[in-house]
Amino acid sequence: MHGSKDGEKSHGGDFSYVGIDAILEQMRRKAMKQGFELNLMVVGQSGLGKSTLMNTLFKSKVSRNKSVQSNPEERIPKTVEIKSISHDIEEKGVRMKLTVIDTPGFGDQINNENCWQPIMKFINDQYEAYLQEEININRKKRIPDSRVHCCIYFIPPTGHCLRPLDVEFMRRLSKVVNIVPVIAKADTLTLEERDSFKQTIREELRANGIDVYPQKEFDEDAEDRMINDKIREMIPFAVVGSDQEYQVNGKRLLGRKTKWGTIEVENIAHCEFAYLRDLLIRTHMQNIKDITGSIHYETYRVRRLNESNGHPGALQANGVAAQHEALSHEM
Amino acid sequence: MASSDVARQLDKGARPLSLAGHVGFDSLPDQLVNKSISQGFCFNILCIGETGIGKSTLMDTLFNTNFENFESSHFEPQVKLRAQTYDLQESNVRLRLTVVNTVGFGDQMNKQESYQPVVDYIDKQFETYLQEELKIKRSLHNYHDSRVHACLYFISPSGHSLKSLDLVTMKKLDSKVNIIPVIAKADTISKSELHKFKIKIMSELVSNGVQIYQFPLDDETVAKVNTTMNGHLPFAVVGSTEEVCVGNKMVKARQYPWGVVQVENEHHCDFVKLREMLICVNMEDLREQTHTRHYELYRRCKLEEMGFKDTDPECKPVSLQQTYEVKRQEFLAELQKREDEMRQVFVQRVKEKEAELKEAERQLQGRFEQLKSRHAEEKAALEEKKRLLDNDLTSFGNRKTAAALLQPPGFTVNGKKDKDRKKWVKLFCLCFTAQHSSALMANFELFFFFILIHLFYSVFQFWLHVKT
């Protein structure tokens, strides 16, 4: 690409060069200076390896491992809690504020009816906070984005089919947030079991009308659809998480060491962790954020603004503003 | 029971964390750029300057295309703006460029209101964006942004100072748009004059408090070049789309008898600097400044004007919807009041109309009564006449029978004659009645006919009488 930095004029005989494509470089510079934000939520029963997977994805201790809790009473919370932890990470000049939202207690009680409600409420609260900020008269230059971009749902590796809890949760939440279902602890399934399990899950999702990410209706063009179709044939990803390195064939790799062999996390012959990582981080991160911002958030906004038109007395100045202050971090 | 409580534990402040390996989110800027490429870019330039100062030529030169402009006349009664949109493409970047030119700027004799159409145009673009943003169902990512990102103000090369029209216009526009002043037709000024001219212009702008666009200095990669360029403002430019052979190359230039002014030669004019600053280095910043500074200012002013506030008199934060609701209630109440008023007026009118109609009805009734009484009177008169005639008839009949009784018997010979006479009497009576009825019926022919018959009978009677 022709650059014209520092006043050099090396255009030579190139008359047709105007320099419009330099805008890409400008955009890139601006984006890197501002930094990025990503909010991931992990949902699943305790003991499915959520924290380990987060740590594996981001190659650092983003979540505290619950299994090392010394106090056994603390291990199963009485209610569904929402725990949000933020970290500033940087790679090759790109700074990102990563927020991992954990949901301990989900699906752990005896009676799990409505256990998705706190989670729905949390997600809607983030949308509300953003909306309040957006309709302010004096608003910030850059509205801090605490909206949940992606929700990773952990399916226990039973090998049979989805449980009613899974179906209920995914059905309700796929309408407000991007859901990426994964099969946790996939090292307990053989390849054939894994494939049939995935097939069953896909059929059940289709039968229940659950649209997980990447949603078919948001494909932009034929190229997009092709790429996304390939991904849709692979979901849910069967993942194994690990934050310990072992020596395999002379290389240090992340893996799980067992008596019958070492499972390499990043080896696509062993598990599909690499595909998940590529989808979430390397190729579709911007798309996930866009869909959250332009579709899920807009749906919420439309609903909210229509609500306020229908019920004149129903609005109060929300206390969400206070919570929003607690959640938001300026870059 | 069912879990429904939420206990939220938050970490205040994000902790920095170091990564133990390559995660891969450094591709995020690339993902962002790719998305923008597929969406395309938008850029809107407004060119303000007197007619004939070279705005269109400069645009053509800047973007290396022929924008198909035609010369405008000098006799426009008012300043107008003409906007044209073009789709340009360079390598894989698609740009939707809108060039807005002023038509007739500086041509009127009274230039007091010259700046107003420009301000109105800029405000209108902000307004359309604001409307879109406030809609319930909106599509901001598909929206064609028409807000003016950069304003090139063309200063005429007098060599002395800014005109008062320039100062007034720029002062009005500096809070609405990024102003980049350029000296047009710079090949008419010599180098030393140009230097003095630039200093004079900048000092005038500063002393009048006009805030022109400063190239941003916060990014280290471009801070140096931007600082230098800030010192070269305003750029002295020359535009040309014609190519002249210089040395062994064809360059864009203007050919004079005394030499050739090369557009892309930095010693000759600042065109290259302008192109670099406007397009290659700061296009994105111009767009961002327009959105975050000028548009926000407009939005704030507009919403405050409409009565929305962030805090109400007790200094408690008020949501926009609350104020909106209050306003909506007010509006509805006013509508209701107006509706009631209208209803009242309507009822009043109906009453009046009813009274009118009643009056008319009464009058008609009166006339009808009158006509009826007259008719009855006439009928009574006619009845009276009929009665009289009937009396006449009966009295004549009586007289007839009396006369017949008094007649001598000699008339028995005339018994047949008597019979005849009786027949004639009957006929006479018939004629008499017929005569009078026909008189009543105003049938004059019959009347005369029967009079004739009456006459004949009278004569016959007399002859009979004489005979006996």
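Residues numbered from 1 in each chain as written. Chains lettered and ligands numbered in written order. Predicted model: local features only at pLDDT ≥ 70, side-chain atom pairs only at ≥ 80, totals over all residues. Heavy atoms only, no water.

### Re the overall build of chain B
Inference 1: Regarding its fold elements, chain B presents 11 helices and 11 strands.
Inference 2: The 468 residues of chain B split such that 38% are buried.
Inference 3: Taking the contacts inside chain B whose residues are at least 6 apart along the sequence as the reference set, 65% of them involve residues at least 24 apart.
Inference 4: Here chain B displays about 28,100 Å² of accessible surface, and carbon together with sulfur accounts for 58% of that area. (Helix = DSSP H or I, 4+ residues; strand = E, 2+ residues; numbered from the N terminus. Buried < 20%, exposed > 50% of the residue type's maximum accessible area, 1.4 Å probe, protein only. Contact = heavy atoms within 4.5 Å. Areas by Shrake-Rupley, 256 points an atom, 1.4 Å probe, with all protein chains shown as cover.)

### Some thoughts on the overall build of chain A
Inference 1: When helices and strands are counted, chain A shows nine helices and nine strands.
Inference 2: Split into buried and exposed, the 331 residues of chain A put 54% on the buried side.
Inference 3: For chain A, long-range pairs separated by at least 24 residues make up 69% of all intrachain contacts whose partners lie at least 6 apart in sequence.
Inference 4: A total accessible area of about 15,000 Å² is found for chain A, and carbon and sulfur atoms account for 50% of it.

### Side note on the domain arrangement of chain B
Inference 1: Domain parsing of chain B yields domain 1 (36-306) and domain 2 (318-384).
Inference 2: With centres defined by C-alpha atoms, the gap from domain 1 of chain B to domain 2 of chain B works out at 66 Å. (Domains from an automatic or database assignment.)

### As for the pattern of salt bridges
Inference 1: Tallying each qualifying case throughout the model produces 48 salt bridges over all chains.
Inference 2: One salt bridge in this structure joins Asp340(B) and Arg343(B), with 3.8 Å as the shortest N-O distance. Placement of both Asp340(B) and Arg343(B) in helix H9 (residues 320-406) is noted, with a separation of three residues, approximately one turn of the helix.
Inference 3: Residue class for Arg343(B) comes out partly exposed when judged on its relative accessible area of 45%.
Inference 4: Ionic pairing is found between Arg387(B) and Glu384(B), a salt bridge with its closest N-O pair at 2.4 Å. With Arg387(B) and Glu384(B) both in helix H9, this residue pair falls three residues apart, about one helical turn.
Inference 5: Ionic contacts of the salt-bridge type, sharing partners, join the residues Lys59(A), Glu266(A), Arg277(A), Asp278(A) and Arg282(A) into one network. (Salt bridge = Lys/Arg side-chain N within 4 Å of Asp/Glu carboxyl O.)

### What about the sheet that holds strand E9 (residues 261-264) of chain A?
Residues and elements named next belong to chain A.
Inference 1: Reading across the sheet, the three strands line up as E7-E8-E9 and stay open at both edges, with antiparallel pairing between neighbours. If you trace the sheet from one side to the other, it starts and ends with strand E7 (245-248) and E9, each paired once. On average, each strand axis in the sheet is tilted by 65° relative to the strand beside it, whichever way the strands run.
Inference 2: Of the pairings in the sheet, the one linking E7 to strand E8 (residues 251-258) comprises four bridges and is antiparallel in character. (Pairing = 2+ DSSP bridges. Axes fitted to C-alpha atoms, helices over the stretch in contact; angles between N-to-C directions.)

### Points about the packing of helix H2 (residues 55-63) of chain B against helix H7 (residues 271-281) of chain B
Residue and element names in this part refer to chain B.
Inference 1: Look at H2 against H7: their axes get within 11 Å of each other, and the N-to-C directions meet at 70°. Considering the angle they form, H2 stands roughly perpendicular to H7. In this structure, H2 uses Leu58, Thr61, Leu62 and Phe63 to contact H7, whose residues at the interface are Phe271, Leu274, Arg275, Leu278 and Ile279.
Inference 2: Of the residues in the contact of H2 with H7, the class split is seven nonpolar, one polar and one charged. (Parallel < 35°, antiparallel > 145°, perpendicular 65-115°, else oblique. Nonpolar A, V, L, I, M, F, W, Y, C, P; charged D, E, K, R; others polar.)

### Side note on unusual backbone geometry
Inference 1: In the segment running from Ile235(A) into Pro236(A), the intervening peptide bond is cis, with an omega of -5°.
Inference 2: By the element assignment, Pro236(A) lies in the loop between helix H6 (222-232) and strand E6 (237-238).
Inference 3: That bond from Leu233(B) to Pro234(B) is cis: its omega, -15°, falls within 30 degrees of zero.
Inference 4: Of note, the phi angle at Lys92(A) is positive, near 50°, even though the residue is not glycine.
Inference 5: Along the polypeptide, Lys92(A) turns up in the loop between strand E2 (82-91) and strand E3 (94-102).
Inference 6: You will see that Ser91(B), though not glycine, has its phi angle at about 45°, which is positive.
Inference 7: Its location among the elements puts Ser91(B) in the loop between strand E4 (80-90) and strand E5 (93-103).

### Remarks on a nonpolar patch on the surface
Inference 1: A grouping of Phe331(B), Leu332(B) and Leu335(B) is seen on the molecular surface, where their side chains present a nonpolar patch of about 260 Å² in accessible area.
Inference 2: Inspection of the secondary structure assignment puts Leu335(B) in helix H9. (Patch = residues over 30% accessible without salt bridge, like charges linked within 9 Å, V, L, I, M, F, W, Y side chains within 5 Å.)

### Examining the UniProt feature "coiled-coil region" (unreviewed entry) in chain B
Inference 1: The UniProt record marks residues 343-392 of chain B with the feature "coiled-coil region" (unreviewed entry), using the residue numbering of this structure.
Inference 2: In residues 343-392 of chain B, the share of helix is 100% and the share of strand is 0%. The end C-alpha atoms are 73 Å apart. (UniProt positions renumbered as here; feature names shortened; annotations may be inferred.)

### Examining the packing of helix H1 (residues 22-34) of chain A against helix H1 (residues 28-39) of chain B
Each pair of packed helices gets described by two things: the angle between the helix axes and the distance between those axes.
Inference 1: Direction vectors running N to C along H1(A) and H1(B) enclose 140°, while the axes themselves pass 10 Å from each other. By the angle between their axes, H1(A) is oblique relative to H1(B). As H1(A) packs across H1(B), the resulting crossing turns out to be right-handed. Here Leu24(A), Met27(A), Arg28(A), Ala31(A) and Met32(A) of H1(A) come into contact with H1(B), specifically with Pro29(B), Asp30(B), Leu32(B), Val33(B), Ser36(B) and Ile37(B).
Inference 2: Per-class residue counts for the contact of H1(A) with H1(B) are eight nonpolar, one polar and two charged. (Left-handed = near helix turned anticlockwise from the far one by under 90°.)

### So, the sheet that holds strand E9 (residues 243-246) of chain B
All names here are of chain B.
Inference 1: Reading across from one edge, E9-E10-E11 is the order of the three strands in this open sheet, with antiparallel pairing throughout. Lying at the two open borders of the sheet, with one neighbouring strand each, are E9 and strand E11 (259-262). Averaged over all pairs of adjacent strands, the angle between their axes in this sheet comes to 65°, without regard to strand direction.
Inference 2: Of the pairings in the sheet, the one linking E9 to strand E10 (residues 249-256) comprises four bridges and is antiparallel in character. Bridge pairing in E10 places Cys245 opposite Met250.

### Looking at the nonpolar core
Inference 1: Counting residues in each nonpolar core, the largest one holds 88 residues, and the members touching the most others are Phe63(B), Leu152(B) and Leu278(B).
Inference 2: Every residue in contact with Leu152(B), bar those within four places of it in the chain, is listed here: Ile45(B), Leu46(B), Cys47(B), Ile48(B), Leu58(B), Met59(B), Ile180(B), Val182(B), Leu274(B) and Leu278(B). (Core = buried A, V, L, I, M, F, W, Y, C linked by side-chain atoms within 4.5 Å.)

### Notes on the packing of aromatic side chains
The geometry of an aromatic ring pair comes down to the distance between the two centres and the angle between the two planes.
Inference 1: One pass over the structure, following the stated rule, counts 16 aromatic pairs over all chains.
Inference 2: Considering the side-chain rings of Phe106(A) and Phe169(A), the 4.9 Å spacing of their centres and the 70° angle between planes classify their relative orientation as edge-to-face. One end of the pair, Phe106(A), is in the loop between E3 and helix H3 (117-134); the other, Phe169(A), is in helix H4 (residues 164-173), and 63 residues separate them in sequence. Considered together, Phe106(A) and Phe169(A) belong to a single accessibility category, that of buried residues.
Inference 3: Consider the rings of Tyr256(B) and Trp258(B), whose centres lie 4.9 Å apart with planes at 5°: the pair is stacked.
Inference 4: Among the aromatic residues, ring-to-ring pairing joins Phe126(B), Tyr129(B), Tyr143(B), Tyr295(B) and Tyr298(B) into one connected group.
Inference 5: One cation-aromatic arrangement involves Arg147(A) over Tyr297(A); the distance from NZ or CZ to the ring centre is 4.8 Å.
Inference 6: Over the face of the ring belonging to Tyr129(B) we find Arg147(B), whose NZ or CZ atom lies 3.7 Å from the ring centre. (Phe/Tyr/Trp six-rings, centres within 6.5 Å; stacked < 30°, edge-to-face > 60°. Lys NZ or Arg CZ within 6 Å of the ring centre and 35° of its normal.)

### Looking at H4(A)
Inference 1: For H4(A), every residue scored as buried is listed here: Leu165(A), Asp166(A), Val167(A), Phe169(A), Met170(A) and Leu173(A).
Inference 2: Where H4(A) is buried, its residues meet strand E1 (36-43), H3, strand E4 (150-155), strand E5 (178-183) and helix H5 (191-207) of chain A.

### Considerations on the environment of Glu245(A)
Residue and element names in this part refer to chain A.
Inference 1: With respect to the helices, strands and loops of the structure, Glu245 is situated in strand E7.
Inference 2: A residue is classified by how much of its surface remains accessible, and Glu245, at 40% relative accessible area, is partly exposed.
Inference 3: Dropping the residues within four chain positions of it, Glu245 is found in contact with Arg252, Leu253 and Leu254.

### What about the state of the cysteines?
Inference 1: All chains considered together, the criterion is met by zero disulfides over all chains.
Inference 2: Free of any disulfide, Cys115(A) has its nearest neighbouring cysteine sulfur in Cys151(A), separated by 12 Å.
Inference 3: Residue Cys301(B) stays outside any disulfide, its sulfur separated by 19 Å from that of Cys151(B), the closest cysteine.
Inference 4: The partly exposed category is assigned to Cys301(B), whose relative accessible area is 44%. (Disulfide = S-S within 2.5 Å.)

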